[in-house]
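Listed below are the residues making up each chain.
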Amino acid sequence: QEMLEMEDDKRVRPLQVDPRIPVHTSVDLGIADDSVWCFWQRYGNMHRLVDGITVNGIGLEQHVQLLRDWAHKNKAFFGTMYAPHDAAQRELGGRGLSRMDQARNLGLIWKHTPQTRLKTQIAVASQLFRMTEVNSDSEGAMHILEAWKAYRWTTNKSTGQRLETPVHDWASHATSSAMTYAINMAKELGVRMDYTDEILSGG
């Protein structure tokens, strides 16, 4: 429904990266799966997806270079970079450093996203999509839009009943990247996040 409204309201249209305004990023980092970067600019109460990048099988050093190249090409400067909630987990490789630690050592300063239930992430992203514009001139942004459209629930093949778990496929990575941004924008989106989620971390 949110995707239909976005198109009906003509919020999928040619946009440009405004060099006067910071570009915020959100990312879903994959290892075997795709990694998806969303590039956002704020215009009043609207959140513009001005570009997107989907890559596979590259390390953090290459991600950092990718971001530097993007900023140079678009004559842009970065604002806040939002890391997914699992980026703070320490890994067995990389000398026991988390991805946030490794990124910091490479000059990439991320803001950690608090952990929330998937149901909460979906609800907040739904509100974000009502306040989103997408750059139709960007192939990367349009690929992300198609992923948002394709995000769907799992269905029991024998009963046809919808299950609680969304399908994990190519569409889920771009949608997770948007959810990371949405959780950090919850207050601006008018969503209250000052409650205790008793399911997570003992409340």
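It should be noted that the structure appears before, not after, this text.
Fair warning: this is a prediction, and the values are worked out from it, not measured in the lab.

Engineer: Account for the pairing of strand β2 (residues 23-28), with residues named and values stated.
Structural biologist: Across a regular strand the side chains alternate sides, sitting on one face of the sheet and then on the other. Extensive coverage of β2 is indicated by the burial of six of its six residues. Of the two faces of β2, the one carrying Val23, Thr25 and Val27 and the one carrying His24, Ser26 and Asp28 are both buried. As paired elements, β2 and strand β5 (residues 78-83) share three bridges and run parallel to each other. From the neighbouring strand, Val23 faces β5, where its bridge partner is Phe78.

Engineer: Give me the packing of helix α4 (residues 118-129) against helix α6 (residues 170-184): which residues, what numbers.
Structural biologist: The description of two packed helices rests on the angle between their axes and on the distance between the axes. Relative to each other, α4 and α6 sit at 85 degrees, their axes nearing to 8 Å. Taken together, the axes of α4 and α6 lie roughly perpendicular to each other. Contacts from Leu118, Thr120, Gln121, Ile122, Val124, Ala125, Leu128 and Phe129 in α4 reach Ala178, Met179, Tyr181, Ala182 and Ile183 in α6. In terms of residue class, the contact of α4 with α6 is made up of eleven nonpolar, two polar and no charged.

Engineer: Please give an account of unusual backbone geometry that cites residues and values.
Structural biologist: When glycine is set aside, most residues are seen to have a negative phi, and most peptide bonds are trans. Positive phi is not limited to glycine here, since Lys10 has a value of about 55 degrees. Relative to the helices and strands, Lys10 resides in the loop between α1 (2-8) and β1 (12-13). The phi dihedral of Lys75 is positive, around 50 degrees, even though this residue is not glycine. Along the chain, Lys75 falls in the loop between α2 (60-74) and β5.

Engineer: So, the pattern of salt bridges: which residues are in play, and what are the values?
Structural biologist: For the structure on display, the rule yields eight salt bridges. The residue Glu7 makes a salt bridge to Lys149 at a minimum N-O spacing of 2.7 Å. Taken together, the positions of Glu7 in helix α1 and Lys149 in helix α5 (residues 139-150) put the pair 142 residues apart, joining distant regions of the chain. Accessibility expressed as a relative area gives 37% for Glu7, which makes it partly exposed. Here Arg48 makes a salt bridge to Glu133, at a shortest N to O gap of 2.7 Å. Note that Arg48 is positioned in strand β4 (residues 46-56) and Glu133 in strand β7 (residues 132-135), a separation of 85 residues in sequence. Here Arg48 falls in the buried class, since its relative accessible area comes to 14%. Each of Glu7, Glu146 and Lys149 takes part in a single network of salt bridges with overlapping partners.

Engineer: Can you explain the packing of aromatic side chains? Please cite residues and give values.
Structural biologist: Within the structure shown, the criterion is met by eight aromatic pairs. Chaining the aromatic ring pairs together yields one cluster made of Trp40, Tyr82, Phe129, Trp148 and Tyr181. Above the face of the Tyr43 ring, Arg48 is positioned so that its terminal group lies 3.8 Å from the ring centre.

Engineer: Go over the sheet that holds strand β6 (residues 111-112) with me, naming the residues and quoting the values.
Structural biologist: Strand order in the open sheet made by the seven strands is β1-β7-β4-β3-β2-β5-β6, with mixed pairing throughout. Two strands bound the open sheet, and with one partner strand each, they are β1 and β6. The pairing of β5 with β6 spans two bridges and is parallel. Of the residues in β6, the one forming a bridge with Tyr82 is Lys111. The strands touched by α2 within the sheet are β2, β3 (34-43), β4 and β5, with β3 carrying the most contacts at an inclination of about 35 degrees. Against the sheet, α6 touches β2, β3, β4, β5 and β6, its axis set at about 40 degrees to β3.

Engineer: Provide a residue-level description of α4, including the pertinent values.
Structural biologist: With twelve residues, α4 ought to run about 16 Å at 1.5 Å a step, and its terminal C-alpha atoms sit 16 Å apart, in line with that. All buried positions along α4 are accounted for by Thr120, Gln121, Val124, Ala125, Ser126, Leu128 and Phe129. Tucked into the core, α4 has its buried residues touching α1, β3, β4, β7, α5 and α6.

Reading guide: rules and limits
- Residues numbered from 1 in each chain as written.
- Predicted model: local features only at pLDDT ≥ 70, side-chain atom pairs only at ≥ 80, totals over all residues.
- Heavy atoms only, no water.
- Buried < 20%, exposed > 50% of the residue type's maximum accessible area, 1.4 Å probe, protein only.
- Helix = DSSP H or I, 4+ residues; strand = E, 2+ residues; numbered from the N terminus.
- Pairing = 2+ DSSP bridges.
- Axes fitted to C-alpha atoms, helices over the stretch in contact; angles between N-to-C directions.
- Parallel < 35°, antiparallel > 145°, perpendicular 65-115°, else oblique.
- Contact = heavy atoms within 4.5 Å.
- Nonpolar A, V, L, I, M, F, W, Y, C, P; charged D, E, K, R; others polar.
- Salt bridge = Lys/Arg side-chain N within 4 Å of Asp/Glu carboxyl O.
- Phe/Tyr/Trp six-rings, centres within 6.5 Å; stacked < 30°, edge-to-face > 60°.
- Lys NZ or Arg CZ within 6 Å of the ring centre and 35° of its normal.
- Expected span 1.5 Å × (residues − 1).

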